[in-house]
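Survey of secondary and tertiary structure
So you can see what is in the structure, the chains are spelled out below.
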Amino acid sequence: MTLPRARNDHLVIKRVADETLVYDLQRHRAYCLNAAAGLIWSHCDGQTDADQMAAVLQSELGLPRDEDVVRLGLAGLDKAHLLVERLAPPLLAARYSRRKFLVKAGVVGLAVLLPTVISIVSPTAAQAGTCVAANGCAGINNFLPCGPPNCTKICCLGKCRNISEPECV
Amino acid sequence: MSFVAHGLRIGIRMNDPQLLDELPQRLPPGWRPASSNVVDRLYSLIAGGDGGRSGVRRYSLLYAGAARIARSMDPDEVLDRLEDDVRLYVAEWSRRKLFVHAGVVAWEGRAIVIPGRSYSGKSTLVEALVRAGATYFSDEYAVFDDHGLVHPYRVPLSLRKGADMPPEKVRVDMPKPPGGLKPLPVGVIAVATYRPGARWRPRPLSPGQAVLSLLANTVAARRKPEQVLTKLARIVEGTRVLRGSRGEAVETAGPLLAAVGS
């Protein structure tokens with residue numbers, strides 16, 4: 001089985017305290033890897049297996065030496081497209097086992113230490129700006145988002161319409 | 001005319017000199033006149049109105065460079081578009097400042113920053129904080145410099161009347177403090193989501209999560225992500241960043257002000 005390798009192309013990587021921030025320049029998504037997820041990712045070199053990573057997590061963060069913890073982290077990294085190749089099904093089996101792991105370990109306090117990958121979609125300039133009032137977009141196509149709720153519509157031929165409407169294409 | 005705003009030179013040319021009187025109040029806070037003919041962005045404003053023939057009315061048009069960005073029979077709508085586009089352009093392309101969509105008030109020498117998209121209840125909370133004694137700084141952008149200080153960006157507070165109504169601009173009747181407003185360090189960043197009936201019991205965000213929360217509201221996030229991440233990481237360093245649901249703004253204002261001193 002191929003061991004996971006971290007992707008490093010088209011990424012901006014920044015360390016903040018014990019977390020790792022990653023910006024995907026292709027997908028325009030940003031990720032925050034907590035200490036455990038960052039540690040796993042940094043050991044995705046194609047040579048380190050899950051047991052070795054579990055040993056690192058134990059020595060660095062005091063987590064129980066358990067391959068399920070590593071699989072949990074790898075599943076998050078895989079979902080975030082931060083690995084060169086998609087994971088094989090056996091490694092993905094643990095994707096939804098966070099709760100099961102906590103029950104198995106019997107220590108709820110471990111939850112904050114478990115590998116976590118949080119993601120957001122990076123906004124376009126217009127999305128991060130103020131919505132245009134519905135009466136303020138006359139004659140502008142596909143320009144700024146407008147109208148409630150939550151800027152889910154865009155200005156299209158002078159009216160606030162759903163972005164998916166064919167007239168706006 | 002040409003002007004400089006946050007390091008960018010912008011030109012506006014028009015066929016109706018009367019429109020010049022309308023412009024100053026619509027330009028981004030902090031603008032100053034410039035004499036240079038070389039600009040980063042040029043707008044062309046063509047006023048419509050009655051045509052030569054009876055019964056013929058012409059559109060008012062607005063161009064940014066060669067691209068038409070507005071066309072309307074109502075010149076005010078075109079001026080509104082100009083105002084919005086200039087602000088957005090400056091926010092995205094400013095070389096010196098980082099613009100995060102947020103409401104900002106000053107309290108005890110520090111800034112309370114409330115990042116959020118439009119219609120997230122940000123303006124309502126800003127208004128409640130001002131009524132509680134804070135100084136109005138901004139309803140649109142938190143403008144950060146390289147040192148992480150927040151600069152005032154005083155545009156009229158926009159409050160809407162109903163859920164489906166466009167925002168109506170309401171001028172905040174708050175005089176500037178003697179000596180004007182100076183850039184301030186951040187006291188608290190509050191990521192507050194309005195939920196009817198909720199009580200403000202926020203939890204602190206880790207530095208990484210805090211950066212993501214600000215990045216989600218940063219105008220230049222896609223254009224220069226590396227610089228943005230670096231600056232945001234500096235801003236959240238040593239700053240309290242709180243996230244939670246809030247109920248009515250007046251009930252949240254007090255605890256939020258108290259969080260600055262604690």
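Let us look at the structure shown here. (Residues numbered from 1 in each chain as written. Chains lettered and ligands numbered in written order. Predicted model: local features only at pLDDT ≥ 70, side-chain atom pairs only at ≥ 80, totals over all residues.)

1. A few points about helix 5 (residues 225-236) of chain B
Selection criterion: Strands here mean DSSP runs of E at least two residues long; helices mean DSSP runs of H or I at least four residues long; both are numbered from the N terminus. To estimate how far a helix should reach, multiply one less than its number of residues by 1.5 Å. Burial is judged by counting other C-beta atoms within 10 Å of a residue's own C-beta: 20 or more means buried, 12 or fewer means exposed, and anything between counts as partly exposed, with every C-beta placed from the backbone.
For helix 5 of chain B, which comprises 12 residues, the first-to-last C-alpha distance of 16 Å matches the rise-based estimate of 16 Å (1.5 Å per residue) to within 8%. Every buried residue belonging to helix 5 of chain B is among Pro225, Val228, Leu229, Lys231, Leu232, Ala233, Ile235 and Val236 of chain B, and all of these are buried.

2. A look at the sheet that holds strand 2 (residues 8-14) of chain B
Consider a sheet: its strands pair through backbone hydrogen bonds, and that pairing is either parallel or antiparallel. Residue and element names in this part refer to chain B. To be explicit about the condition: Being paired, for any two strands, means DSSP has found at least two bridges between them. Note on method: axes are straight lines fitted to C-alpha atoms, helices fitted across the in-contact stretch only, with angles between N-to-C directions ranging 0 to 180 degrees.
Reading across from one edge, 3-1-2-4-7-8 is the order of the six strands in this open sheet, with mixed pairing throughout. Where the open sheet ends on each side, the last strands, each with one partner, are strand 3 (32-34) and strand 8 (67-72). Within this sheet the neighbouring strands show an average axis-to-axis angle of 25 degrees, counted without direction. Sheet topology places strand 2 next to strand 4 (residues 41-46); five bridges connect them, and they run parallel. Considered in strand 4, the bridge of Ile10 is made with Arg41.

3. Examining unusual backbone geometry
The residue His81 of chain A is not glycine, and still its phi comes out positive at about 60 degrees. Mapped onto the secondary structure, His81 of chain A falls in the loop between helix 3 (67-79) and helix 4 (89-92).

4. Considerations on the pairing of strand 7 (residues 60-64) of chain B
All names here are of chain B. The pairing of strand 4 with strand 7 spans four bridges and is classified as antiparallel. By the bridge assignment, Tyr43 is partnered in strand 7 with Ala64. Across five bridges, the pairing between strand 7 and strand 8 is antiparallel. Each bridged residue has a counterpart across the sheet, and for Ala64 the counterpart in strand 8 is Ala67. Here strand 7 folds back onto strand 8, and the loop between the two strands holds two residues, one of which, Gly65, carries a positive phi near 65 degrees.

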